[in-house]
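Coordinate inspection notes
Chain by chain, the residues:
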Amino acid sequence: MAVPVAFFALFFAYPVTAIVGRGLKAEGDWQFGQIGEVLSRPDILDVLWFTTWQALASTALTLLIALPGAYVFARFDFPGKQVLRAVVTVPFVLPTVVVGTAFLALLGRGGLLDELWGVRLDTTVWAILLAHVFFNYAVVVRTVGGLWSQLDPRQEEAARVLGAGRFAAFRRVTLPALAPAVAAAALMVFLFTFTSFGVVQILGGPAYSTLEVEIYRQTAQLLDLPTAAVLTLVQFAAVGGILAVHAATVRRRERALKLVDPAQTSRRPRGAGQWALLGGVLLTALLLILLPLGVLVERSLDGAGGYGFGYYEALQSVGAGGSSTFLVPPLEAVGNSLRYALVATLIALVVGGLAAAALTRRAGRLVRGFDALLMLPLGVSAVTVGFGFLITLDKPPLDLRTSWILVPLAQALVGVPFVVRTMLPVLRAVDDRLREAAAVLGASPLRAWREVDLPLVRRAVLVAAGFAFAVSLGEFGATVFIARPDNPTLPVAVARLLGRSGELNYGQAMALSTILMLVCAVSLLLLERIRTDRSGEF
């Protein structure tokens, strides 16, 4: 645990503590009275209220739309199922900047709805809610559908044989078994929407602000560190509570159910009702997921002189159309992002792999607490982390403000939880007797890991690497503070282009977003191929 603990202490706890401490200290004394003052301000109360209710509304709407999809993926077998599963998962690994840009192209000024019916939904709460459903649809499908596919359908069939109707059998048999998974999915959706940043910043306009957006505004625009520090503490407490409830829910799910092979529960749809349900899920995927992404691609090709690659070609020059948004051609952001993401993935694999190994071999309250702490970077303000990097890592031997490694370090913080969550179940499934047999035969711990564990978890490592690469590629909250002007990442470049007026800047933002979307989609399709490869066990 030494390396993961040192990594999180130095690059997470230290920057966050320093920025919060700087905001709550005045002339060397702690000013805890500021907490009450900030939380009693009407504008801050409005932010807290909007953050909470939009997260609740987004969670409820996501469950309503995604649960039928979870059932279809769990129980039905149909052509193209694996491809569709990968497609609906693409939004989850997309950067929030790209999600916001896609819905801006669909719902905003000059978007598809505006052109067809003169309707604009940007700067409204409906745009935010729909984008959140788009982003979190896969969370419910994967979490609930994964468990649903392993529930023995004979239990529900037995209830029906005993006289229960279809709905009664579902309510009394299947729903109680699914409840922990539904609760876990709902908590994760609530966490992601409660800390939403890029989507709200792009689609909400000045009228709507979540805690994360307000922290960014108070830090970067108003330089009001005390208010930002108080809001960070509030978000930290909320996220900690959510993760604690989530951990309890997951533990309950792991010990309560008897599962079967998913291949035994999947079959072709039968009857008009099941085919209608399948059609409804496919239509939902088309309208909710494929349509925004398709409009994004269409807008990137729709130039002033007709369809073509003009916006993509403009990415190769500096100051095209009189713009001074970048010091380098925007297209260089592609290479920067790929290099940063590869380094961040390597760091996340080392740190997350060691953490997963430690959690596999150790038990106790301390280790369980460390497991929960590994998830905190997903919910704690990335803006706070990024700004904390700037004010803490500025002195030898860690004067990294001008170093390129600063960006991969921030991205790796987000990648580590995905590595741990991917590798931990597989490592726990490795039979300890295999390691013991290797030790009896004279193998050192390192060789036993290389000869026993690594071959069994190789695919989990590849999947973890893919997820870490995708989320690192799309990290925005911290990177927007620390990416150098001459080395922007793709999400930062998209945000800069959207922040400037002009048709050329808008078209270039759409082009860069399309490139970023395609890179993430290819990564996910490769992950799906690894996950479903039947040449060996995963």
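Scroll up to find the structure.
Parameters and conventions
- Residues numbered from 1 in each chain as written.
- Predicted model: local features only at pLDDT ≥ 70, side-chain atom pairs only at ≥ 80, totals over all residues.
- Heavy atoms only, no water.
- Helix = DSSP H or I, 4+ residues; strand = E, 2+ residues; numbered from the N terminus.
- Rg over C-alpha atoms; globule rule 2.2 N^0.38 Å.
- Buried < 20%, exposed > 50% of the residue type's maximum accessible area, 1.4 Å probe, protein only.
- Contact = heavy atoms within 4.5 Å.
- Axes fitted to C-alpha atoms, helices over the stretch in contact; angles between N-to-C directions.
- Parallel < 35°, antiparallel > 145°, perpendicular 65-115°, else oblique.
- Left-handed = near helix turned anticlockwise from the far one by under 90°.
- Nonpolar A, V, L, I, M, F, W, Y, C, P; charged D, E, K, R; others polar.
- Polar contact = N/O pair within 3.5 Å; in protein donor to acceptor, adjacent residues only side chain to side chain.

Moving on to the overall build of the protein. Counting its secondary structure elements, the protein contains 23 helices and six strands. Computed over C-alpha atoms, the radius of gyration of the protein comes to 24 Å, within 12% of the 24 Å expected from 2.2 N^0.38 for 538 residues, which places it in the range of a compact globule. The C-alpha extent of the protein, read off along each of the three principal axes, is 70 × 65 × 50 Å. Taken across its 538 residues, the protein has 52% of its residues classed as buried. Looking at the protein alone, contacts between residues at least 24 apart form 79% of all its contacts between residues at least 6 apart.

Next up on the list: the packing of helix 8 (residues 153-161) against helix 9 (residues 166-194). Contact pair helix 8 / helix 9: the axes reach a minimum separation of 9 Å and the direction vectors enclose 130°. Classified by the interaxial angle, the pair formed by helix 8 and helix 9 is oblique. As for the relative orientation of helix 8 and helix 9, their crossing is right-handed in sense. For the pair helix 8 and helix 9, contact is made by Gln155, Glu156, Ala159 and Arg160 and by Arg166, Ala169, Phe170, Val173 and Thr174, respectively. Residue classes in the contact of helix 8 with helix 9 are distributed as four nonpolar, two polar and three charged.

It is worth spelling out the environment of Leu518 at this point. In this structure, Leu518 sits in helix 23 (residues 503-532). For Leu518, a relative accessible area of 48% puts it in the partly exposed group. Residues Leu518 and Glu37 lie 481 residues apart in sequence; the distance between their C-alpha atoms is 46 Å.

Within the secondary structure layout, Thr101 lies in helix 5 (residues 96-107). A distance of 2.7 Å separates a polar side-chain atom of Thr101 from the backbone oxygen of Val97. Not counting the four nearest positions on each side in its chain, Thr101 is found in contact with Ile202, Leu296, Val494, Leu498, Ala509, Met510 and Ser513.

Tracing the sequence through the fold places Leu113 in helix 6 (residues 112-117). Setting aside chain neighbours within four positions, we find Leu113 in contact with Leu106, Leu107, Gly118, Val119 and Leu121.

In this section: helix 11 (residues 211-221). Most of helix 11 is tucked away: eight of the eleven residues are buried. Among the residues making up helix 11, those that are buried are Leu211, Glu212, Val213, Glu214, Ile215, Tyr216, Gln218 and Thr219. One or two residues past the end of helix 11 sits Leu223, with phi positive at roughly 55°.

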